[in-house]
Structure formats: structure tokens, C-alpha cells
Amino acid sequence: MARKIRFFKDQMSKAGVIPKDVLDKEDDIDLDDVEVKLEELEAELVEINANNDKLQRSYNELVEYKLVLEKAGEFFASAHRSAAAQQSEIETQQADDDLLEAPLLQEEKSVDPTKQVKLGFLTGLVPREKSMVFERILFRATRGNIFIRQSVIEESVVDPNSGEKAEKNVFVVFYSGERAKSKILKICEAFGANRYPFSEDLGRQAQMMTEVSGRLSELKTTIGAGLDQRNILLETIGDKFEQWNLKVRKEKAIYHTLNMLSLDVTKKCLVGEGWSPVFAATELQDALQRAAIDSNSQVGSIFQILRTKEMPPTYFRTNKFTTAFQEIVDAYGVAKYQEANPSVFTIVTFPFLFAVMFGDWGHGICLLLATMYLILREKKLSSQKLGDIMEMAFGGRYVIFMMSLFSIYTGLIYNEFFSIPYPLFASSAYECRDVSCSEATTIGLIKTRDTYPFGVDPVWHGTRSELPFLNSLKMKMSILLGVAQMNLGIIMSFFNAKFFKSAVNVWFQFVPQMIFLNCLFGYLSVLIIIKWCTGSQADLYHVMIYMFLSPMDDLGENQLFPNQKIVQLTFLFLALVSVPWMLLPKPFILKKQHEARHQGLSYAQLDETDESLQVETNGGGHGHEEFEFSEIFVHQLIHTIEFVLGAVSNTASYLRLWALSLAHSELSSVFYEKVLLMAWGFNNIALLILGILVFIFATVGVLLVMETLSAFLHALRLHWVEYQNKFYEGDGYKFDPFNFTLIGNEEE
């Protein structure tokens, strides 16, 4: 039935018939009735197609025949005319000649009629691209004992055999003898040249032309009627096509699922094993009871919960808001069963890290307006067929909505509206000492009011020290955010270990990792905050580098708090100790646990005999899997090296927040100053309009599309690599329940 429906779909698409959408998709049709109906319709359609093909072939042959009659007729008519002219010329010459020459000419003319050669000829059409080769082969095969004439047909003709349009030439071949004829026929067959009968008699030619023209008009009418009948049949199919298609797909999906079930020992009932969420168990039992009542079954269904060691699939209940965030995480890897789900924090951290790189409340408002359009029209848009890019944007509309809100927030902190600062919350805390101070550093500014209450003071923008100040601010802020998120990742690993009751992972993974990360980069974060709070001039690069190179040297002017040297030595010692702490104990403890678990066990349990309830575990037998100590140790070594090196590289990786934020700010500043302000300065309306248009297109194309995509990808990388690798295994598989709603959208 599915094959027949595919056949109907193909025929409708060729005929340009569009199936009607069925609003009421209820299963009010019987499958047996559908099968009978499809059988009848297929037989009728196949018969109509066969008749149409036969008629179309005859029509194409007649078209070619007509062309042969026209072109070959022209050739023979011209030959007759030239022969007649030649004859009259000879007769005229004879009349004018001397009497002395007359007997000689008469003698010459009186040829024996029995010795005259009667030439045969063949006519037809040959594809134009093969015509030259065709002529050459004929010449060689007959050793030049042929005479061929070809005439080009200007318009393409439909080939009766292939049904495709082709450019062709009409040919006439004159030959002598039956052997030459048989050779020519074979060559015509090899070259796909269609031959047609032709008469030398002009009267017979005219009669054949009239007959062919009459038959062509008759066939055209018949083919038109046949196509109308076919279209009526296809429209009848199109009215019910979607309904039948959905019914057949549903039935096929049901049978496909039933094929996964197995017969029990008594061969009287089917046994199916599957996964179901715990909360849906009662719903399943109710559905099975309803099905038994609806089908008037004598025996009810038995629902039993099985205990298994197989890894269950992962299922997170999401709504239209959280789905896109969950898909971002699932693109990296589906969570292992009952593993902590990173999506919970990703809902906030992902748009926030994006906004740190995209901080401009003007651009944020533009993104928000675009997203609000998608959100407010989501019911209408969800039922429409959108393009690939638009569908992607629509699917992630709530992600973009959150990103735009956070961008407005960070834009207010950076005090940037299309790169222009506004004193929104209060006047600037600084004033100029003299007129020229706008070009000076902060030394030229005097603090006259309270500190600007929220975000960056607008007076910084446009000063010579703007870049050094904002670079320092954003770079330090990136490190603080990075260390905070990496700590969150390690804390998540603690909750994973606690949930799975793995004390080894708590004491020999979580604890040393927290110590290592915070003794180095947590300490750096504290130094940054102390420097901000105290206004110290200490060089933090110097402090961190010489903490490793010369830990015993005095800090001098780089000292930020009392006993800093002792604190640094302690932290350095703890960081060094945490590396072997992470590496060595865990493999030995795991080995000891394995030996204790299998002590005294020398025999494995017998396999269960009931095949239907047999479950294969991932680990092989019944816990008697091989314990490869060397493999575990190498794995732990790799994990330790990866974490130690990753702590440095991942912290440095968060500096992309600073780099992209700076790039976004500078780009918007360039578009504003070098495009908009420059166009404004010319006092020319045309240039001003051009400048505004260029500014709008540059803002939308570069800052709102390319920069958004760039910041999105960088935020994605920070979550997948820097954050999730601290705790997320992502080696599970999705719960994929049987669902009728997906069947309608799937291709066969």
C-alpha cells in the first residue's frame, strides 16, 4: 500500500496536482477498504498511463514521418525539377546541332534498357550529434557505393523510443543491391535511426501527407481526452491522498513496532520489552486496559516491571522554553542515565556569556524586537514551512530572547548604545581640569561627584585611556567569570559522585581538583578583587609568574596583603600535592574494591533460560568482567594531565570574552564614527542618506548577524569544552518513544 501511495505521489507531482490537506485526520476509514480502493485506482491509472504512452508513441512517430515526407519530398521535387530542366536543355541542344552530329548522338542515346541500374533508397531520421559518424560509417561499409543527402530539422522532436526531446536530421540514402541494403539497415539500427516508408510518386506523397496530418489531429484530440481523464483520476486521488497516506504510515509504524515483539514459549501471546518513564507507568496500564475493552479482547494485557542492569535511556521533560537549551547540550552528547543535567545552569550561563561578548543595549534591543516577532507569531509560524536558516532561528527563539535580555543588561554595564555612552543613571563623577583634558589621560579629570552608580562612567568613552582601562576591566572580569564557571563544573562533579555513591570520586577527584584550581586561579581571582578594592599598583603578572619561578623572594611593592608570601607558598604546596593525590590513589582503590567484590567467587552464575527476559549487560557477564589495572591507571594519568594542563588553557580560553567584547565595541565605534558621523559632516542630504543606509546595513549584517553568530559559537565552545568537561560524561542515549505525531512529518 505504501508503494502504491508513493506511485500516486510521483504521478501527481509529474501532473502538477497538489494533494489537499486534510483538516480532520481522524482514523474513520477502514484499512481493508483503503487497500481495495488503492488496488482499483492503481489498476485504472496504470491502464490510462499505458494507453497514453502508446498513443504518445504513435503521435511522435507520425510527427517524425510527417517531417520525413516534407524534407524528403522537397529533395525529390528539386531532383525532378533539375532532371526536367536538364532534359529540356539536352533536347534544345539536339535541335540546334548540325545534321552531321545527329546520327552519332542518336547512337549514343540508344542505350539498352535492360542494362539500366535501378537504385533503391531508404529515408528516416538520425540524431544530429551522430549524423556525421553515421554518414562516414555508411560510406566505409558500402565502399562509397551510396549517395546520401541530409536535411536539418530546425526544432527539436520527441523521440518515439526514449520519449525525450532530441535534435535530428532527415536522411535519404540511395544504394544499389540487396547486400548494401542489409548493411544500411543494420547501421541504422545501431545508430538509433528511425526509418519510414517513402514513395517516389508525387501524387502518392501528397496522399500520404494528407493521411498523416489527419491521423495527427485525431491522435492529438485522443491524447488530450486521455490526459483530462488522467487528471480527473489524480484529483480524485489527491482529495483523499493525505488521509490514506497517514493511515498507511500509522499502520506500517504499528506493524514495524509489533515486529519487535517476540512470541512467548506457548506461542499464544506476544511479549514486548521496552523503556517507560516511572511517572507514566499508571498511564500505560490505563491505556492497555482501555485497549482491551475497545478491542473486545477476551484476555487483558499484563504489565510487569523488569529489573535490568542495562543502561536505561535518558529523558528530560522540557517545554518550548527549555527545549532549545536542552538541544544545545544534547548536541555535545546525551547525558548518561541520572547524570546531572548541565542544561539547568546553561539556561542562565549561556545567554550571559554571550552577552559579555555582545554588550551593547542598542544591539540587544534590535535582537529583542526580532525575537519578539517570532515569539508573538509562533502559533502561525510553527504550522508554516520555513527556510533552513529561518527554521533554525525560530527553533532557538527563546535562546535568542534570553541572549537579547542579557545583552541589554551587559550593554548598560558597558554603557554602550551603538557604541555611544549615555549618562542614564546619573551625571559623570568626573569633570575636566581644563579645556584640553578630553585628549588627556585620567590625570586631566577631577572627581567632583559620587561614583557613577551602575556600569562604566560615560566619561571614559572617547578619552585616550579608554582602551587601557576597558581592556584591564574586561580581561580581569573574564578570568573571574571563567574561574567561577569552572568551579561550578567541578561542584557539579561532586553532586554526580554523591548521587552515584562514589566516595572515591569525591575524595580523589573532586577535592584535589578544587584545591588545584583554586590554589592557583582562585587565588588569582582573589588578588584581582583585592586590587580593585584597594586601588593597589601591584603587577599581578609578576606575582603569578614569580610564585612559581621564585617562591622564596620578597614581593616588595607587589604585596597586596600581609603574610602574602606564606599564603602563596601554602597554595603552591597544596597545588603540587593535589596532582599525585589525583593520580595515584584512585586506580589502587578501584583495584582493591574489585578484588574484595570477587573474593571467594570462582564460578559464574548460570545464564537465565527465559530468552524473553534475558538482558545483556554492558559490562559483559555478571560482574565478572576483567579488571585491567594498567588500563585504569593510564586512563587516570590522562585525566590528571588533561585537568592540570586544562586548568591553565581553559582559564586562558575565557579571555575570548574580553577579546570578542573589545572587537564588538570597536567595530560598532568604527561604523558610528567613520560612516555615520563622517556622512553627517559633509552637509549633503544625498551623502547623509547614503551614510545612514550603509550604517544600517553594516550594523545589521556585521554586528547583528555575523557578530551574533560568532559570540554564539564562542559561548557554545566555553560550555562544551571549559565547563562540561569538568563533570559531564554525555555517553547516554535518548529516550525515543513511539509517537504518531512524528510519522506525518517523516519521509518514507
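Residues numbered from 1 in each chain as written. Predicted model: local features only at pLDDT ≥ 70, side-chain atom pairs only at ≥ 80, totals over all residues. Heavy atoms only, no water.

Condition: UniProt positions are given in the numbering used here, feature names are shortened, and annotations may be inferred rather than shown by experiment.
In the nomenclature of an unreviewed UniProt entry, the protein is known as V-type proton ATPase subunit a of Capsella rubella. Of the protein, the UniProt comment under Subcellular location (unreviewed entry) reads exactly: "Membrane". Recorded in UniProt under Sequence similarities (unreviewed entry), the annotation for the protein is "Belongs to the V-ATPase 116 kDa subunit family."

Comments concerning the overall build of the protein
Heads up, the rule is: By definition, any uninterrupted DSSP run of H or I lasting at least four residues is a helix, any uninterrupted run of E lasting at least two residues is a strand, and each is numbered from the N terminus. A radius of gyration in this sense is built from C-alpha atoms; the matching globule rule multiplies 2.2 Å by the number of residues raised to 0.38. Think of it in three bands: with a 1.4 Å probe and only protein chains considered, a residue is buried below 20% of the maximum accessible area for its type, exposed above 50%, and partly exposed in between. By definition, residues are in contact when any of their heavy atoms lie within 4.5 Å. The method behind every accessible area is Shrake-Rupley, applied with a 1.4 Å probe, and residues are considered shielded solely by the protein chains displayed. Counting rule applied: Lys, Arg positive; Asp, Glu negative; His and chain ends not counted. By convention, the point assigned to a charge is CZ for Arg, NZ for Lys, CD for Glu and CG for Asp.
Secondary structure assignment for the protein yields 22 helices and 10 strands. The C-alpha radius of gyration computed for the protein amounts to 44 Å, which surpasses the reference 27 Å derived for 748 residues by more than 25%, pointing to a less compact arrangement than a globule. With respect to the three principal axes, the spread of C-alpha positions in the protein is 145 × 95 × 55 Å. Per-residue burial over the protein gives 37% buried out of 748 residues. Sequence-distant contacts in the protein: of pairs separated by 6 or more residues, those separated by 24 or more amount to 78%. By element, 59% of the accessible surface of the protein is carried by carbon and sulfur atoms, the whole surface being about 46000 Å². Considering the protein, the positive charge centre built from 70 side chains and the negative charge centre built from 92 side chains are found 2 Å apart.

Digging into the pattern of salt bridges
Here is the rule: For this analysis, a salt bridge means a side-chain nitrogen from Lys or Arg found within 4 Å of a carboxyl oxygen belonging to Asp or Glu.
Applying the stated criterion across every chain yields a total of 17 salt bridges. Between Asp330 and Lys734 there is a salt bridge, and its shortest N-O distance comes to 3.6 Å. Of this pair, Asp330 sits in helix H8 (residues 323-332) while Lys734 sits in the loop between helix H21 (685-723) and helix H22 (740-743), placing them 404 residues apart in sequence. Owing to a relative accessible area of 48%, Lys734 belongs among the partly exposed residues under this scheme. The partner of Glu378 in a salt bridge is Arg397, with the nearest N and O atoms 2.8 Å apart. Taken together, the residues Glu378 in helix H11 (residues 378-382) and Arg397 in helix H13 (residues 397-414) connect sequence positions 19 residues apart. Residue classification places Glu378 among the buried positions, given a relative accessible area of 11%.

As for a negative patch on the surface
The criterion, for reference: Patches here are clusters of residues that have more than 30% relative accessible area and form no salt bridge, with a 9 Å joining cutoff for like charges and a 5 Å cutoff for nonpolar side chains (Val, Leu, Ile, Met, Phe, Trp, Tyr).
A cluster of acidic residues, Asp30, Asp32, Asp33 and Glu35, forms a negative patch at the surface. Note on placement: Glu35 falls in helix H2 (residues 31-96).

Some thoughts on the UniProt feature "transmembrane region" (unreviewed entry) in the protein
This chain's UniProt record puts "transmembrane region" (unreviewed entry) on residues 352-376, 397-414, 477-495, 507-530, 566-584 and 685-706. Counted over residues 397-414, helix gives 100% and strand 0%. Its end C-alpha atoms are 25 Å apart. End-to-end, the C-alpha atoms of residues 507-530 are 31 Å apart, and along that stretch the chain is 100% helix and 0% strand.

Topic: H13
We count it as follows: To estimate the expected span of a helix, count its residues, drop one, and scale the result by 1.5 Å.
Spanning 18 residues, H13 covers 25 Å between terminal C-alpha atoms, matching the ideal 26 Å at 1.5 Å per step. Counting buried residues along H13, 13 of its 18 residues qualify, which places the element largely inside the surrounding structure. One or two positions beyond H13, positive phi appears at Asn415, with a value near 60°.

Comments concerning the packing of aromatic side chains
Quick note on the threshold: What counts as a ring pair is set by centres within 6.5 Å for rings of Phe, Tyr and Trp (its six-membered ring), and what kind of pair is set by the plane angle: stacked under 30 degrees, edge-to-face over 60, tilted for all other angles. Charges are assigned to positions over rings by a cutoff of 6 Å between ring centre and Lys NZ or Arg CZ, combined with an angular limit of 35 degrees from the ring normal.
In the structure shown here, the tally under the stated rule is 39 aromatic pairs. Ring centres of Tyr332 and Tyr728 lie 6.0 Å apart, and the angle between their planes is 35°; this geometry places the pair in the tilted category. With Tyr332 in helix H8 and Tyr728 in the loop between H21 and H22, this pair connects stretches of sequence that are 396 residues apart. Three or more aromatic residues joined by ring pairs form one cluster here, namely Phe75, Phe76, Phe121, Phe147, Phe174 and Phe198. Positioned over the ring face of Phe740 is Lys250, at 5.0 Å from the centre of the ring.

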